[in-house]
Amino acid sequence: MMPRHPDRHSDPDAASVSLAAEAALLEGRLSMLREAIDTVDARIEAVSDALRQLRSTSPASSEAG
């Protein structure tokens, strides 16, 4: 199977540097995504807590019990 770009990365050192740079970028993006997921998880937890409080203090919940 022929590489898509046969002239690209013909030098192993250059390929290593390129791959290391790409890996660093991907690690940075992964870190940003993890932070975003943590933020969403915190928001979900806060909304869930607020809903639980509303349910426990609503008149409908005291009538149901």
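Scoring rules and cut-offs
Residues numbered from 1 in each chain as written. Predicted model: local features only at pLDDT ≥ 70, side-chain atom pairs only at ≥ 80, totals over all residues. Heavy atoms only, no water. Helix = DSSP H or I, 4+ residues; strand = E, 2+ residues; numbered from the N terminus. Buried < 20%, exposed > 50% of the residue type's maximum accessible area, 1.4 Å probe, protein only. Areas by Shrake-Rupley, 256 points an atom, 1.4 Å probe, with all protein chains shown as cover. Patch = residues over 30% accessible without salt bridge, like charges linked within 9 Å, V, L, I, M, F, W, Y side chains within 5 Å. Salt bridge = Lys/Arg side-chain N within 4 Å of Asp/Glu carboxyl O. Lys, Arg positive; Asp, Glu negative; His and termini not counted. Charge placed at Lys NZ, Arg CZ, Asp CG, Glu CD.

Asks: Can you tell me about the overall build of the protein, naming the residues and giving the values?
Replies: The secondary structure content of the protein amounts to 2 helices and 0 strands. Looking at the protein as a whole, 2% of its 65 residues are labelled buried. Approximately 6100 Å² of the protein is accessible, and the part contributed by carbon and sulfur atoms is 60%.

Asks: So what's going on with a nonpolar patch on the surface? Which residues, and what values?
Replies: Where nonpolar side chains cluster on the molecular surface, the patch consists of Val-47, Leu-51 and Leu-54 and spans about 280 Å² of accessible area. With respect to the element layout, Leu-54 can be found in helix H1 (residues 12-57). By relative accessible area, which is 55% here, Leu-54 ends up exposed.

Asks: How would you sum up the pattern of salt bridges? Please name residues and give values.
Replies: Under the criterion given, the structure shown has 1 salt bridge. In this structure, Asp-49 and Arg-52 form a salt bridge, with 2.5 Å as the shortest nitrogen-oxygen distance. Of this pair, Asp-49 and Arg-52 both sit in helix H1, 3 residues apart, roughly one helical turn. By relative accessible area, which is 45% here, Arg-52 ends up partly exposed.

Asks: Describe in detail a negative patch on the surface, supporting the description with residues and values.
Replies: Together, Glu-35, Asp-38, Asp-41 and Glu-45 give the surface a local cluster of negative charge. Along the polypeptide, Glu-35 turns up in helix H1.

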